[in-house]
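Report on the structure
Residue-level listing of the chains:
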Amino acid sequence: MTASLPHQGPWPGEPDRPAEDRRHMIRRRALTLLIIVLLIGIPAGYLVISANQSRDSGKDKEAKYSATGLTEGWPSKLQRRIYQVPIPHPAWHVAYYETNNWKTSRLYAQFETNTAGLDAYLTGLGMTRADLKKGDITIGARDRRITGWKFPQGDGWYGFVHRQKNPAPTHDVVVDLSNPAYPWVYVVSRTVP
């Protein structure tokens, strides 16, 4: 048999507290449950959202780096700076593809622009329309096979090779001027790391 411990009585002069009624008890428990849910639920929800974003980011990168041909969209600013491919504004139907190996890195890009955009592009390379040679298809068969570009015989094709001292890239450029108001530009920029 254990001895019962004495209970502490109220402080002198303090009125007795009334017993907690059922309504107050339910409200207190609901508030406690809400606090627990918020303290656990919000971080757990954040972790789930973060994990989904991370997984989606990995899928985007996987798709980007597993591409085997031109991908619709603009190359990143970093790619445009490294390969010195100044895509002008406005430009439509922009697509690109990058390949890297131990010997040579290449950026393939294509876009449609207007006459002012073509002039801006050529100026960005340090060239002018006078540098365009009629009928000169400067992009080789290997690069055309990789991108799927076909340059049929015709009057509207012009091209040039913009050679620079290493490590600056070399540009093989073909311009389709069959519609002079909206020329298409095809460029292969290659650099040796």
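Conventions used here
Residues numbered from 1 in each chain as written. Predicted model: local features only at pLDDT ≥ 70, side-chain atom pairs only at ≥ 80, totals over all residues. Heavy atoms only, no water. Helix = DSSP H or I, 4+ residues; strand = E, 2+ residues; numbered from the N terminus. Buried < 20%, exposed > 50% of the residue type's maximum accessible area, 1.4 Å probe, protein only. Contact = heavy atoms within 4.5 Å. Areas by Shrake-Rupley, 256 points an atom, 1.4 Å probe, with all protein chains shown as cover. Core = buried A, V, L, I, M, F, W, Y, C linked by side-chain atoms within 4.5 Å. Pairing = 2+ DSSP bridges.

1. With respect to the overall build of the protein chain
For the protein chain, the helix and strand inventory stands at 4 helices and 7 strands. Secondary structure of the protein chain in N-to-C order comes out as α-β-α-β-β-α-β-α-β-β-β. Here the protein chain holds 193 residues, and the buried ones make up 32% of them. Across the protein chain, the fraction of contacts at a sequence separation of at least 24, relative to all contacts at a separation of at least 6, is 51%. Per element, the accessible surface of the protein chain, about 13600 Å² overall, is 57% carbon and sulfur.

2. Quick word on the environment of G140
Along the chain, G140 turns up in the loop between strand 4 (133-134) and helix 4 (141-147). On a C-alpha basis, the gap between G140 and V188 in space is 9.5 Å, while along the polypeptide they are 48 residues apart.

3. Considerations on the nonpolar core
Counting residues in each nonpolar core, the largest one holds 21 residues, and the members touching the most others are Y121 and V173. When contributions to this core are tallied by element, the ones reaching two or more residues are strand 2 (91-100), strand 3 (105-113), helix 3 (115-124), strand 6 (170-176) and strand 7 (184-191). Residues contacting V173, with those up to four places away along its chain left out, are Y121, L125, T138, Y158, G159, F160, V185, Y186 and V187. With 9 residues, the next largest nonpolar core counts I139, F151, W157 and V188 among its residues.

4. Remarks on the pairing of strand 7
Summarising burial for strand 7: 6 of the 8 residues are buried, a large majority. The pairing of strand 3 with strand 7 spans 8 bridges and is antiparallel. Considered in strand 7, the bridge of S105 is made with T191.

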